[in-house]
Amino acid sequence: MKTKKLGQLDVSVLCLGGNVFGWTIDEKTSFAVLDAYVAAGGNFIDTANVYSRWAPGHSGGESETILGKWMKARGNRKQIVLTTKVGMEMGPDQMGLKRDYILRAAEESLQRLQTDYIDLYLSHQPDPTTPIGETMEAYTELVKQGKVRVVGGSNYHGHGLTEAIETSRARGLVAYQSLQPLYNLYDRAEFERDLEPVCEKYGVAVTPYYALAAGFLTGKYRSLADVGQSARGTKVGANYLNDRGFKILAALDEVAAAQGTTPAVVAFAWLLTRPIVTAPIASATSVEQLRSLIDGTKLTLSPDSLAALDKASTVLERPV
């Protein structure tokens, strides 16, 4: 599998999403997916301390715990580029980006992951109650301690990302080198308008989440009757089952048929044609699903295919 640079890290162009580990797939299946990913040449894995606190009976940390067990069992920690995150609510007084909480949360993640360093540590979302300088001071401390290698942000808007980077530069602190935004063939207008110029200006690596729009771009969901098929069905029904979504699916179907592949492979390959994108994040609940993602890293889309996908998905600005 090809790699790209993310700061000083060499990362696979497919980042394996870990939100499903311990949520929609158990430990045994998680290990099988992880083994297959590494066997295919992958090294970049994404998780967060909050995964999967939303599930009944879960308290957060389930995904990190499974990853820690897997890396210990396989003895492969040094071969893995590991992302985890901090900031979303883990319980009373356990959220946000204040210095003391970041330092405490990092230690808890390290324990669950059974490692002494995090390759890429992300602010899961901005914290308007904490000065960004305090947040970046905490990350700087973790980097100096050798507990974190690179830092980044997720779910930022352009102005917030700019403020964070400029504050770090002005104060000699570590700066965000990575951004994890919502970006895919359907969800593209806001990123391209607001965030892409900022990432280009500062050389920020982009690792989009929901690369397949919560599964919608696989073609699995085509009517309201389909949304009960998985834990993400409700999100798909609310956000993507509309005229524009159906238009995009039709274009994906057409391109997939022409290139002898599937809509999921095409949607993933489209993201990799975007120069700003380093490594899209996508999760797999089976080895079979993982193989389709890996196929997406190998597919070359023709100019006609790219034109058809852009025509179906581009959101035109409304006239003033």
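Report on the accompanying structure. (Residues numbered from 1 in each chain as written. Predicted model: local features only at pLDDT ≥ 70, side-chain atom pairs only at ≥ 80, totals over all residues. Heavy atoms only, no water.)

### Let's talk about the pairing of strand 1 (residues 3-6)
In plain terms, the rule: At least two bridges found by DSSP between two strands are what make those strands a pair. Secondary structure elements follow DSSP: runs of H or I no shorter than four residues count as helices, runs of E no shorter than two count as strands, and numbering proceeds from the N terminus.
Sheet topology note: the strand 1/strand 2 (residues 9-12) ladder contains four bridges and is antiparallel. Its bridge partner being in strand 2, Leu-6 is matched across the sheet by Leu-9. Linking strand 1 to strand 2, which pair antiparallel, is a turn of two residues; within it Gly-7 sits at a positive phi near 60°.

### Quick notes on the packing of aromatic side chains
Our working definition: For Phe, Tyr and Trp, rings pair up if their centres lie within 6.5 Å, where Trp contributes its six-membered ring, and each pair is then called stacked (planes under 30 degrees apart), edge-to-face (over 60) or tilted (otherwise). Here the term buried applies to any residue with accessible area under 20% of the maximum for its type, exposed to any over 50%, and partly exposed to those in between, with areas from a 1.4 Å probe on protein chains only. Consider the ring centre and the ring normal. A charge sits over the ring if Lys NZ or Arg CZ is within 6 Å of that centre and within 35 degrees of that normal.
Tallied over the entire structure, the rule returns eleven aromatic pairs. Geometrically, the ring pair formed by Phe-216 and Tyr-240 is stacked, given 5.4 Å between the ring centres and 15° between the ring planes. Remark: Tyr-240 occurs in the loop between helix 7 (233-239) and helix 8 (243-258) and Phe-216 occurs in the loop between strand 9 (205-206) and helix 7; sequence separation between them is 24 residues. Neither Phe-216 nor Tyr-240 differs from the other in exposure class; each is buried. Its guanidinium or amino end placed over the ring of Tyr-117, Arg-77 lies 4.0 Å from that ring's centre, counting from NZ or CZ.

### Focus: the pattern of salt bridges
As a working rule, side chains carrying opposite charge can pair if their charged atoms are close by. To keep things clear, this is the line we draw: When a carboxyl oxygen of Asp or Glu is within 4 Å of a side-chain nitrogen of Lys or Arg, the pair counts as a salt bridge.
With the rule as written, the count across this model stands at 16 salt bridges. Here Asp-35 and Arg-74 are joined by a salt bridge, their closest N and O atoms 2.8 Å apart. With Asp-35 in helix 1 (residues 27-39) and Arg-74 in helix 2 (residues 62-74), the pair connects residues that are 39 residues apart, well separated along the chain. Residue Arg-99 pairs with Glu-141 through a salt bridge whose shortest N-O separation is 3.0 Å.

### Section: the packing of helix 2 against helix 3 (residues 99-113)
As a reminder, the rule being used: Angles shown run from 0 to 180 degrees and are taken between the N-to-C directions of axes, each axis being a line fitted to C-alpha atoms and, for helices, limited to the stretch in contact. Angles are sorted into four bins: roughly parallel if under 35 degrees, roughly antiparallel if over 145, roughly perpendicular if 65 to 115, and oblique for all others. Residue contacts follow a heavy-atom distance rule, with two residues in contact if any of their heavy atoms lie within 4.5 Å. Classification convention: Asp, Glu, Lys, Arg as charged; Ala, Val, Leu, Ile, Met, Phe, Trp, Tyr, Cys, Pro as nonpolar; all other residues, Gly among them, as polar.
Closest axis-to-axis distance for the helix 2/helix 3 pair is 7 Å, and the angle between their directions is 45°. As judged from the angle between their axes, helix 2 and helix 3 are oblique. Of the residues in helix 3, those in contact with Glu-64, Thr-65, Leu-67, Gly-68 and Met-71 of helix 2 are Ser-109, Arg-112 and Leu-113. When grouped by side-chain class, the residues that make up the contact of helix 2 with helix 3 number three nonpolar, three polar and two charged.

### Some thoughts on the environment of Ala-264
Turning to its location among the elements, Ala-264 is positioned in helix 9 (residues 263-272). According to the relative accessible area criterion, Ala-264 is buried, its value standing at 8%. Spatially, the C-alpha atoms of Ala-264 and Gly-7 are 29 Å apart, while their sequence positions differ by 257 residues. Apart from residues no more than four positions distant in its own chain, Ala-264 is found in contact with Leu-212, Leu-217 and Thr-218.

### Concerning the sheet that holds strand 3 (residues 15-17)
Pairing is parallel in the open sheet, where eight strands are placed in the order 9-8-7-6-5-4-3-10. Strands at the two margins of the open sheet, each flanked by one partner only, are strand 9 and strand 10 (281-282). Direction of pairing for strand 4 (residues 44-46) relative to strand 5 (residues 81-86): parallel, over a ladder of three bridges. The residue of strand 5 that forms the bridge with Asp-46 is Thr-83.

### Some details on unusual backbone geometry
Of note, the amide linkage connecting Tyr-51 to Ser-52 takes the cis form, showing an omega dihedral of 0°. As for its placement among the helices and strands, Ser-52 is situated in the loop between strand 4 and helix 2. At Asp-93, a residue that is not glycine, the phi angle is positive and equals roughly 60°. Taking the relative accessible area as the measure of exposure, Asp-93 reaches 74% and is therefore exposed. For Asn-155, which is not a glycine, the phi torsion comes out positive at approximately 65°. Looking at where Asn-155 falls in the secondary structure, it is placed in the loop between strand 7 (148-154) and helix 5 (158-171). The partly exposed category is assigned to Asn-155, whose relative accessible area is 29%.

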